[in-house]
Amino acid sequence: MAHLSLYRKYRPATFDKIVRQEHVVRVLTRQIERGEVGHAYLFTGPRGTGKTSVARIFARAVNCEHPQGGSPCGACAVCRALAENSLDIAEIDAASNNGVGEMRDLREKVQYPPVSGKYKVYIIDEVHMLTDSAFNALLKTLEEPPAHAIFILATTEPHKIPATILSRCMRLDFKLIPEEDLEKHLAGILDEMGRPYEREAVAAIARAGAGSDRDMLSIAEMCLAYDDKLTYKGVTNVLGSADFATNARLAEAILTGDMPAALDAAEQALAAGKGVGVLLKDLLSFFNEAAIAKMCPSAEKLLALPKEFFAEVARIAKAADGRAILRATEIFTRTESELRYASSPRISLETAILRASMPQTDLTADALMLRVAALEKQVAALAAGVPARAPAADAQPLPSPPPAMREPAPPAQEELPPLPEPPPAEDVPWEAPAEEAVRVPFPPQTVRHPVQEMPAASAAPDVPAAPDDSPDATFGRFLRRLRKLPKSGVVYALCRDLVPGKEGETLVLTTDVRTVSDTLNAERHRAVMREVFDELGVAAFEVRFAGAPQAQAKDGIQKLKEDFADYPVEVK
Ligand SMILES: [Zn+2]
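1. A look at the nonpolar core
With 79 residues, the main nonpolar core has I205 and A290 as its most contacted residues. Setting aside anything within four residues of it in sequence, one finds A290 in contact with A251, V313, I316, A317, A320 and I325. Counting 46 residues, the second-largest nonpolar core is a separate cluster that includes V25, I57, I124 and A137.

In structure tokens, the structure reads:
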């Protein structure tokens, strides 16, 4: 026997079985009961919300001799005849029959009277796919339809339907189906099938259906094939969600601003084989659950998570700042939409984690903080008599801010901090990163070493012919090599901000962010760095924490206060 999908097998036969869409059903059943049906309808709405099912029921109901509450009785002569042959009910898929020929054909055939009932009903699915001339042919039919003809046009994209057609149709909008209704529907089907299930599993499938009955049922079908009993664990396996505990650890680390722990958790999830996209989705849904758990008294019922999972979400949400949850959601939502343009999704993810785990609650504070950091470095460099490094390279969202800065939250417009002019091209062998999503401007590599231009040298375009062993150049080579190493994402993201210098034979890399130096000095990360430095022949290196001298920091803060006179900048 051919396999019948759940969606087709449990396709409703009467209006009362339609999931949600009461507003549509009510209009149609009242018309049938009063014998006042129209000649043309337009059913619009997202896929899988029941447009075709309703059209089919309606087509049989208008012909039924004794409709029951507006639905076909299924027992009268006409109902039985229609069940056997459907000469009077024609379904046309406009996606595959979109030409003028088909519409002319239809126009001709519609003139013949119906065989068994009162009406001939034409259901044209995906009607927006018709060509212009096909629409014109259809329009002529709609302008003078025979008394026995009813047209039901169905589409997910009503804006593509010409106004001349729209004006002749009664338009009914189908809505996305709420999770609760999807859940009820699925539970009903499972009961009918006699398959055991956990309530949480059904809720998770309904959530994944995202408002579409058809999508939900095809997911349910996969899950039913996976195991005899529908369990939450089985469902998350099928849907490819990362392990809940890892998600929780990652989300908690982000919300508490524990950057190293957050990067660790992300690394663990990715190492377990989760894709960046899936991990992002999981994180977003965790933050969403946390927000609900924090704000909503009936969260437990709403979320329908297994008990111990809900307890964990609630605990994390309770400890977190509501604004931090919101901010993390915003950052990861943006990252998710940028992901398809990113050449290195992993770096996008890690950058988002770094941004989100910074303790600031809004981006205006970020902007201020970044300016402080940039100014401090410039001041420090000037004071030390070293030409200032390009400020743009410093204006990254990486460094943690002086913890004492506070300011009231102005309307949080997501904006990147104002960035200084691009720096003049310099001979530091930086390479502009390919990742769009890492929104950190790097000095463009406009000045190339002459040797690199020669074809003979193209085999190793990265290595300048005469190696410059200044700390800047060595560090630049290091960064470029590091970036190409698989799984170096975290180290690379942290290293980009270091300032190179030299003490004797030791390459000293300084940062004014304690977390950065601590994280990089962890043996696991140090090993990655050592490997690259070994390749470059650098025998000794050191990552060091060095806060900017107090006095110079004060200058920077003073300048900042002047620049942002409208905001009360308070420094403790
Ligand atoms: Zn009937």
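Once you've had a look at it, read on.
2. Re the confidence of the model for the chain
In the predicted model, the chain carries a mean pLDDT of 79, and 76% of its residues have values of at least 70. Low pLDDT, under 50, characterises residues 388-464; the predicted model gives this stretch 133 contacts beyond four residues in sequence or across chains.

3. Here we look at the pairing of strand β6 (residues 499-503)
In the case of a regular strand, side chains alternate between the two sheet surfaces. Two strands pair when backbone bridges link them, and β6 and strand β7 (residues 506-511) are joined in this way by 5 bridges, in the antiparallel orientation. The residue bridging E503 from the neighbouring strand is T506, located in β7.

4. Observations regarding helix α11 (residues 232-239)
All of the buried residues in α11 are Y232, V235 and V238. Down the axis of α11, the sector holding all buried residues measures 125°, keeping them to one side. The inward-facing, buried residues of α11 abut α9 (199-209) and α10 (213-226).

5. Description of the environment of E300
With respect to the element layout, E300 can be found in helix α15 (residues 299-303). E300 sits 13 residues away from V313 along the chain, and the two C-alpha atoms are 10.0 Å apart.

6. Some words on the environment of L302
Counting through the fold element by element, L302 comes out in helix α15. Separated by 123 residues in the primary sequence, L302 and E179 have C-alpha atoms spaced 9.7 Å apart. Look past the residues within four positions of L302 in its chain and what remains in contact with it is I292 and C296.

Scoring rules and cut-offs
- Residues numbered from 1 in each chain as written.
- Predicted model: local features only at pLDDT ≥ 70, side-chain atom pairs only at ≥ 80, totals over all residues.
- Core = buried A, V, L, I, M, F, W, Y, C linked by C-beta atoms within 7 Å.
- Buried ≥ 20, exposed ≤ 12 C-beta atoms within 10 Å, placed from the backbone.
- Contact = placed C-beta atoms within 7 Å.
- pLDDT = per-residue confidence, 0-100.
- Pairing = 2+ DSSP bridges.
- Helix = DSSP H or I, 4+ residues; strand = E, 2+ residues; numbered from the N terminus.
- Arc of directions from axis to C-beta.

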